[in-house]
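# Coordinates in review
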Amino acid sequence: MIVVLTGAPGAGKGTQADLIAEKLGYKKISTGDALRRQIQIGSDIGKQAQSIMAEGRLVPDSVLLGILKSELDAAGSKPVLLDGYPRNLAQAKALQDLVGTGLIKAAVHLDVDYQSLANRITGRRTCVQCGASYHVANSPARVEGVCDKCGGSLIQRPDDDAEKVKTRLQIYENDTRPILDFYRDLGLYHRVDGNSPAPKVFAELSGLLQSLGT
Ligand code: AMP
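Residues numbered from 1 in each chain as written. Predicted model: local features only at pLDDT ≥ 70, side-chain atom pairs only at ≥ 80, totals over all residues. Heavy atoms only, no water.

### Let's talk about the sheet that holds strand S4 (residues 104–111)
One open sheet accounts for 5 strands, arranged S2-S3-S1-S4-S8; its pairing is parallel. Edge positions in the sheet fall to strand S2 (27–30) and strand S8 (189–193), since each has one partner strand and no second. Strand-to-strand, the axes of this sheet are offset by a mean angle of 25°, without reference to chain direction. Inspection of the sheet shows strand S1 (residues 2–6) paired to S4 by 5 bridges, in the parallel sense. (Pairing = 2+ DSSP bridges. Helix = DSSP H or I, 4+ residues; strand = E, 2+ residues; numbered from the N terminus. Axes fitted to C-alpha atoms, helices over the stretch in contact; angles between N-to-C directions.)

Below, the structure written as structure tokens:
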């Protein structure tokens, strides 16, 4: 069983996906995290993806499909939450072809006002070690620059600076937003208001997932 969590960069998908994994027992698959791991180990995929990601553009669909397949294999029979895939119509169709129609239970759109997104992303700080996410104003680490969870260093991701954020939001509008209609047509679309603080968003999201019987 698969739930797709979609939304613009900065909508809080990663934070909510972590909560759903921790509290509801889902296996979170973040294609962004998987790509960053490939960069860290210096694999061919990582080398191919690095500059594309730093510019805020999308990595080729063929690369993502390979990553998706191996992550889904590793998930076994656990319910899966997809964070960051699909990001365009071709990927949405590829997912459909890969797992079949019945397995995708919902596509949840974490909807955040456009003005808040850039502020959320440029203030984000990410742990180089465990990937945990903070915000300099809204949810700072206890000690500046140090991850509360693992003690790793906090950095600004290369694609989180103001210039790259413009590109990423534009790509979201052009490439990713059309998947909302794709899932609407399949009767799988659900919207959750992502403007509230994370615990309130999580309450709505988990209520939705439970009401869907997922
Ligand atoms: P994220 O951590 O989800 O914000 O993803 C960071 C970056 O990884 C994106 O800006 C893309 O460059 C790349 N990426 C992640 N998921 C995908 C995907 N499904 N398709 C293409 N590129 C992706």
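Okay, back to it.
### What about the nonpolar core?
Core analysis: the largest hydrophobic core is formed by 53 residues, its most contacted members being Leu 35, Val 59, Leu 82, Leu 95, Val 108 and Tyr 183. For this core, the element with the highest residue contribution is helix H4 (residues 61–75), accounting for 6 residues. Aside from chain neighbours lying at most four places away, what touches Leu 35 is Ile 45, Ala 49, Met 53, Val 59, Val 63, Leu 64 and Ile 67. (Core = buried A, V, L, I, M, F, W, Y, C linked by side-chain atoms within 4.5 Å. Buried < 20%, exposed > 50% of the residue type's maximum accessible area, 1.4 Å probe, protein only. Contact = heavy atoms within 4.5 Å.)

### A look at the confidence of the model for the protein
Note: predicted coordinates in regions of low pLDDT should not be interpreted at a detailed level. Scored by pLDDT, the protein has a mean of 94; 100% of the residues are at 70 or more. Within the protein, no element has a lower average pLDDT than helix H6 (residues 114–122), which sits at 88, and none a higher one than helix H8 (residues 178–185), at 98. (pLDDT = per-residue confidence, 0-100.)

### Some remarks on the pattern of salt bridges
Inspection of every chain in the model, using the stated rule, returns 16 salt bridges. With its nearest N and O atoms 2.7 Å apart, the salt bridge here joins Arg 57 to Glu 55. You can call Arg 57 partly exposed: its relative accessible area is 41%. When the shortest N-O distance is used, the salt bridge between Asp 181 and Arg 184 registers 2.5 Å. Here the residue Asp 181 and the residue Arg 184 both occupy positions in helix H8, the gap between them amounting to 3 residues, near one helical turn. In this structure Asp 181 comes out as partly exposed when scored by relative accessible area, which is 42%. Residue classification places Arg 184 among the partly exposed residues on the basis of a relative accessible area of 41%. Shared partners join several salt bridges into a network, and the residues in it are Arg 124, Arg 157, Asp 159, Asp 160 and Arg 168. (Salt bridge = Lys/Arg side-chain N within 4 Å of Asp/Glu carboxyl O.)

### Some remarks on the packing of helix H5 (residues 89–99) against H8
Where H5 meets H8, the axes come as close as 9 Å, and the angle between the chain directions of the two elements is 35°. Contacts between H5 and H8 involve Leu 89, Ala 92, Lys 93 and Leu 95 on the former and, on the latter, Pro 178, Ile 179, Phe 182 and Tyr 183. Classifying every residue of the contact of H5 with H8 gives 7 nonpolar, no polar and 1 charged. (Nonpolar A, V, L, I, M, F, W, Y, C, P; charged D, E, K, R; others polar.)

### Notes on the site of the ligand
Of all residues adjacent to the ligand, which total 16 residues, the nearest are Thr 31, Arg 36, Arg 57, Gly 84 and Gln 91. Here an oxygen atom of the ligand and a side-chain polar atom of Arg 36 are 2.8 Å apart. In this structure, an oxygen atom belonging to the ligand sits 3.1 Å away from a side-chain N or O atom of Arg 157. Here the ligand has 480 Å² of accessible area as a free molecule, and 95% of this is covered by the chains. The biggest single contributor to the shell around the ligand is helix H2 (residues 31–41), with 4 residues. Classifying every residue of the shell around the ligand gives 6 nonpolar, 4 polar and 6 charged. (Near = heavy atom within 4 Å. Polar contact = N/O pair within 3.5 Å; in protein donor to acceptor, adjacent residues only side chain to side chain. Areas by Shrake-Rupley, 256 points an atom, 1.4 Å probe, with all protein chains shown as cover.)

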